[in-house]
Amino acid sequence: MTADYHIHPNYSTDAEGTIEEYCIQAIKLGIDEICFTPHFEIDPKRSEKDDKINLKGKIVPMRSNWIDYYFKDIEQARKKFPGLQIRVGLEIGYDPAIESELRTFLKKYHFDFILGAIHCIKHIAITDHKDLDEFITNYSKKDPNQIAKEYFEALNLEISSRLFHCLAHFDVYKKYALNIIGAALLKAAEIFLPATLKLMVEHQVGIEINTSGLRQNPKEIYPAGAILAKAKEVGVKIFTIGSDAHRINHLGYGLQEGIALAKKLNLALYRFEQGEKVC
């Protein structure tokens, strides 16, 4: 079974394509199961930049009733495309300041799958080209060890929250920061990796094999194969795969390469239904 577990429909303001259009494309591509994961970003210190969702062509705050419409769209798609497994998910940009609110929110809604993401270091985006100037100003002259430390500290808090099934694009710091700071950042990250992987095992949090890096600056999967191999070695058992599609033509991109890597490393790829993992 081929699955794509990271898809942004046009509820996300940086994405294009309706839920129905993605379903049609998935069937064309022979993908058996898809999981939609619109962005959920409610960091109050980034509200002007991130607190926006597209509801039927109108931009509304994240803290609005758009989720109800999203669930309705998923149900309609399930009825229209009965041969396609359609899961309802979310990609949440984590910050410790919003953990309590996230906990309450996730108890209210029943998602199949929740991805946790670190998109920012101290409220400055490391995944958005629009924040590159601010990132360069604040971080380009910093010690790579300090940058890695701050990223992994945030990641560890995210894992310890136990709010998420999997971590999205685990080593996404390489997307832009690698070109700005250099390979020393990757070496610095290796220092913090063992403790983080151990924490993931303790809290039974998985890693996403995110193939969007193949079409972006790194030109390799997130995370790198060496990190995936180390994760398996220390006992991480849950892995999912997703294209991180933001456009219809992104759907399924790189999945075969990701699947091949999972097979090479003998990683079990999981799917999720009503919050429970399915192999």
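Being a predicted model, the structure only gives us computed values, none of them experimental.

Undergrad: Report on the pattern of salt bridges, specifying residues and quantitative values.
TA: This structure, assessed with the given rule, holds 22 salt bridges. Two residues, Lys49 and Asp131, come together in a salt bridge whose shortest N-O distance is 3.1 Å. Here the residue Lys49 occupies a position in helix H2 (residues 47–50), and Asp131 occupies one in the loop between strand E9 (124–125) and helix H5 (132–139), the gap between them amounting to 82 residues. A relative accessible area of 45% means that Lys49 is categorised as partly exposed. Linking Glu75 and Arg78 is a salt bridge whose minimum nitrogen-to-oxygen distance equals 2.7 Å.

Undergrad: Quick rundown of unusual backbone geometry? Include the residues and the values.
TA: Across the junction of Tyr222 and Pro223, the peptide omega takes the value -10°, indicating a cis bond. Tracing the backbone shows Pro223 in the loop between strand E11 (206–210) and helix H9 (225–234). Even without being a glycine, Lys122 presents a positive backbone phi close to 50°. With respect to the helices, strands and loops of the structure, Lys122 is situated in the loop between strand E8 (120–121) and E9. With phi around 50°, Gln274 is a residue other than glycine that occupies positive phi space. Among the secondary structure elements, Gln274 is positioned in the loop between strand E13 (271–273) and strand E14 (276–278).

Undergrad: I'd like a rundown of the environment of Arg46, residues and numbers included.
TA: On the secondary structure map, Arg46 appears in the loop between strand E3 (39–40) and H2. The exposure class assigned to Arg46 is buried, which follows from its relative accessible area of 4%. Expressed as a C-alpha distance, the spacing of Arg46 and His110, which sit 64 residues apart in the sequence, is 26 Å. Setting aside its immediate chain neighbours within four residues, Arg46 contacts Asp51, Cys120, His123, Ile124, Ala125 and Asp131.

Undergrad: Lay out helix H8 (residues 184–203) with the relevant residues and their values.
TA: An ideal rise of 1.5 Å per residue puts 28 Å on 20 residues; H8 measures up with 29 Å between its terminal C-alpha atoms. Of the residues making up H8, those classed as buried are Leu185, Ala188, Ala189, Leu193, Thr196, Leu197, Leu199, Met200 and His203. Where H8 is buried, its residues meet helix H6 (144–161), strand E10 (166–167), helix H7 (177–181), E11 and H9. Phi turns positive, to about 55°, at Gln204, one or two residues after H8.

Undergrad: Account for the state of the cysteines, with residues named and values stated.
TA: Under the criterion given, the structure shown has 0 disulfides. Looking at Cys23, it has no disulfide partner, and the nearest cysteine sulfur is the one in Cys35, 11 Å off. Exposure remark for Cys23: the relative accessible area of 0% places this residue in the buried category. Classification of Cys35 by relative accessible area gives buried; the value is 0%.

Undergrad: Give a description of the layout of surface pockets that names residues and reports values.
TA: Volume-wise, the largest pocket comes out at about 860 Å³. Contributing to the lining of the largest pocket are 32 residues, with Asp14, His39, Thr127, Asp128 and His246 lying nearest its centre. Across the lining of the largest pocket, the residue classes tally to 7 nonpolar, 11 polar and 14 charged. Empty space within the second largest pocket amounts to approximately 460 Å³. Lining the second largest pocket we find 19 residues, and of these Arg162, Leu163, Phe164, His165 and Gly275 sit closest to its centre. Those elements that place two or more of their residues in the lining of the second largest pocket are helix H4 (99–108) and E14. Each residue belonging to the lining of the second largest pocket can be placed in one class, and the counts come to 9 nonpolar, 5 polar and 5 charged.

Undergrad: Outline the packing of H6 against H8, supporting the account with residue identities and numerical values.
TA: For the pair H6 and H8, the least separation of the axes is 8 Å and the interaxial angle reads 15°. In this view, H6 runs roughly parallel relative to H8, as classed from their interaxial angle. Here H6 runs over H8; the crossing is right-handed. Contact residues: Pro144, Asn145, Ile147, Ala148, Lys149, Phe152, Leu155, Asn156, Ile159 and Ser160 in H6; Ala184, Leu185, Ala188, Ala189, Ile191, Phe192, Leu193, Thr196, Leu199, Met200 and His203 in H8. The class makeup of the residues in the contact of H6 with H8 is 15 nonpolar, 5 polar and 1 charged.

Analysis parameters
- Residues numbered from 1 in each chain as written.
- Predicted model: local features only at pLDDT ≥ 70, side-chain atom pairs only at ≥ 80, totals over all residues.
- Heavy atoms only, no water.
- Salt bridge = Lys/Arg side-chain N within 4 Å of Asp/Glu carboxyl O.
- Helix = DSSP H or I, 4+ residues; strand = E, 2+ residues; numbered from the N terminus.
- Buried < 20%, exposed > 50% of the residue type's maximum accessible area, 1.4 Å probe, protein only.
- Contact = heavy atoms within 4.5 Å.
- Expected span 1.5 Å × (residues − 1).
- Disulfide = S-S within 2.5 Å.
- 1 Å grid on protein atoms, 1.4 Å probe; cavity = no way out; pocket = protein on both sides within 12 Å on 5 of 7 lines; lining within 4 Å.
- Points joined across faces, edges and corners; volume = space filled by probe spheres on them.
- Nonpolar A, V, L, I, M, F, W, Y, C, P; charged D, E, K, R; others polar.
- Axes fitted to C-alpha atoms, helices over the stretch in contact; angles between N-to-C directions.
- Parallel < 35°, antiparallel > 145°, perpendicular 65-115°, else oblique.
- Left-handed = near helix turned anticlockwise from the far one by under 90°.

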